[in-house]
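A closer look at the structure
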Amino acid sequence: MAYTLTREALLLDLHAAFQSAKRKKAGKPYVRVFEKNLDANINSMADDLINRTYQPEPSSCFVVQRPKKREVFAAQFRDRVVHHLYFNYTHELFERTFIADTYSCIEGRGTHYGIDRLKKHIRQESRNWQRDCYVMKLDIRGYFMHIDRQRLMEIATGTLRKMAEIVDGMDVDFLLWLTEQIVMLDPKTSCKIIGTAKEWEGLDKNKSLFHTPDGCGLPIGNLTSQLFSNVYLNELDQYCKRTLGCKHYGRYVDDAYIVSCERDWLLSLVPQIRDFLKDRLHLELHMGKTQVIDVRLGVEFLGAYILPYRTYISNESLRRMMEQMEGMGNVSKESMYHSVNSWLGVLSHYDSFNIRCELFMKTRFLRYGTFDRDMTVYELSKPVTAMCA
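Fair warning: this is a prediction, and the values are worked out from it, not measured in the lab.

What follows covers the overall build of the protein. Across its full length, the protein carries 13 helices and twelve strands. Rg of the C-alpha trace for the protein: 23 Å, near the compact-globule value of 21 Å for 389 residues, within the 12% margin. Along the longest, intermediate and shortest principal axes, the C-alpha atoms of the protein span 65 × 55 × 45 Å. In the protein, which comprises 389 residues, the proportion classed as buried is 48%. In the protein, once contacts between residues fewer than 6 apart in sequence are set aside, the share between residues at least 24 apart is 68%. Of the charged side chains in the protein, 54 are positive and 49 negative; the average position of the first set lies 5 Å away from that of the second.

Structure representation (structure tokens):
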């Protein structure tokens, strides 16, 4: 039986979406302005959505330098609330169609989960490191900037229609309409440029929406873009698993891998995957970053460097962490406490005891507190208990 979303239900859902969009940003001026007239703003948004008159506002475009240089289109806060509303309505529907080894933008399936899954695939295929084994890493050139929005619409709406046949309580017509408003928006339209043209110098054209073909590209930074990136490449996931028969396959955004003890078989997959991406998704496999690696030499994935029986933090991830430390300057005890424990939390996932000792057993950190014996927790104003070599 068809279900129609009521205004009362939408109001409740918008309030929930606002709370999600507000999380970790409560002190931002734009959040305070929106919250000052919260009821009026939510009611206005509900009217626009129910009446199908909602139109996204122009985004702000700027370049960030860290963790690497990239172009960002930031939606207005009102539109971010709508993005969270859409995510809350649809993410479970889409996720039911994903394979278990899709890692990004899914609760409980972040970077550490992806690293652990790759390690498990390697152990299984290599019989616990006892036979030759290889990992083929795949990368897509300028992925977000080359997503065909019309093709994405076809995939997303097709999935939602299929799910409507088996899931009760979803207003499929509303979701199809809202999908179109979000997907088919050209973020370059009337966007507000923040910064100067000099800041775009050195940015690869494949990483900028201003150099992509018409009808292509999703803005990096939006919650819905992260969701749709999985929806789009779910086609590749299904092809690799169901058609090519890749038993040990996984993907985080556009970084995918296939594990096998047969190196020649892995190489034979490259032209098939390349043609599938080109023909079905209008994407280009980055041949320069597609490589087959002997697992005994180490495999880098999601900030980890995986070797037989041990896993280290990658040099690039460690470099960024050290840059953050150097950029702290004079900070309060509370800021020091939270930052150090955050870094320790990251490093605790790796074989990194000596690195932790080298990084943290310094005057600047011991001035406010000390570490436990295993160098996993930083505590304020307690006797020294760390036992570093």
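In terms of burial, strand S3 (residues 134-139) is largely enclosed, as five of its six residues are buried. Looking at chain direction, S3 and strand S6 (residues 255-260) are connected through six bridges and run antiparallel. Each bridged residue has a counterpart across the sheet, and for Leu138 the counterpart in S6 is Ala256. Pairing of S3 with strand S7 (residues 291-294), which is carried by four bridges, proceeds in the antiparallel orientation.

Attention shifts here to the packing of aromatic side chains. Any aromatic ring pair is given by two values, namely how distant the centres are and how the planes are angled relative to each other. Tallying each qualifying case throughout the model produces 18 aromatic pairs. Their ring planes at 70 degrees and their centres at 5.8 Å tell us that Tyr103 and Tyr113 sit as a pair that is edge-to-face. Residue Tyr103 is located in the loop between helix H4 (77-95) and helix H5 (111-125), and its partner Tyr113 is located in helix H5; the two are separated by ten residues in the primary sequence. Consider the rings of Trp129 and Tyr309, whose centres lie 6.1 Å apart with planes at 50 degrees: the pair is tilted. Highlighted residues: Trp129 in the loop between H5 and S3 and Tyr309 in the loop between strand S9 (304-307) and strand S10 (310-313), separated in sequence by 180 residues. Looking at Tyr309, the relative accessible area reads 58%, which means it is exposed. Of the aromatic side chains, those joined through ring pairs into one cluster are Trp343, Phe360, Phe365, Phe371 and Tyr378.

Scanning all chains against the criterion turns up 19 salt bridges. Across the pair Asp294 and Arg296 runs a salt bridge, and its minimum N-O distance is 2.8 Å. Look at Asp294 and you get buried, because its relative accessible area is 16%. Put simply, Arg319 and Glu316 hold a salt bridge, and the shortest N to O gap is 2.4 Å. Here Glu316 and Arg319 lie together in helix H10 (residues 315-326), a separation of three residues that amounts to about one turn.

So, how was this worked out
Residues numbered from 1 in each chain as written. Predicted model: local features only at pLDDT ≥ 70, side-chain atom pairs only at ≥ 80, totals over all residues. Heavy atoms only, no water. Helix = DSSP H or I, 4+ residues; strand = E, 2+ residues; numbered from the N terminus. Rg over C-alpha atoms; globule rule 2.2 N^0.38 Å. Buried < 20%, exposed > 50% of the residue type's maximum accessible area, 1.4 Å probe, protein only. Contact = heavy atoms within 4.5 Å. Lys, Arg positive; Asp, Glu negative; His and termini not counted. Charge placed at Lys NZ, Arg CZ, Asp CG, Glu CD. Pairing = 2+ DSSP bridges. Phe/Tyr/Trp six-rings, centres within 6.5 Å; stacked < 30°, edge-to-face > 60°. Salt bridge = Lys/Arg side-chain N within 4 Å of Asp/Glu carboxyl O.

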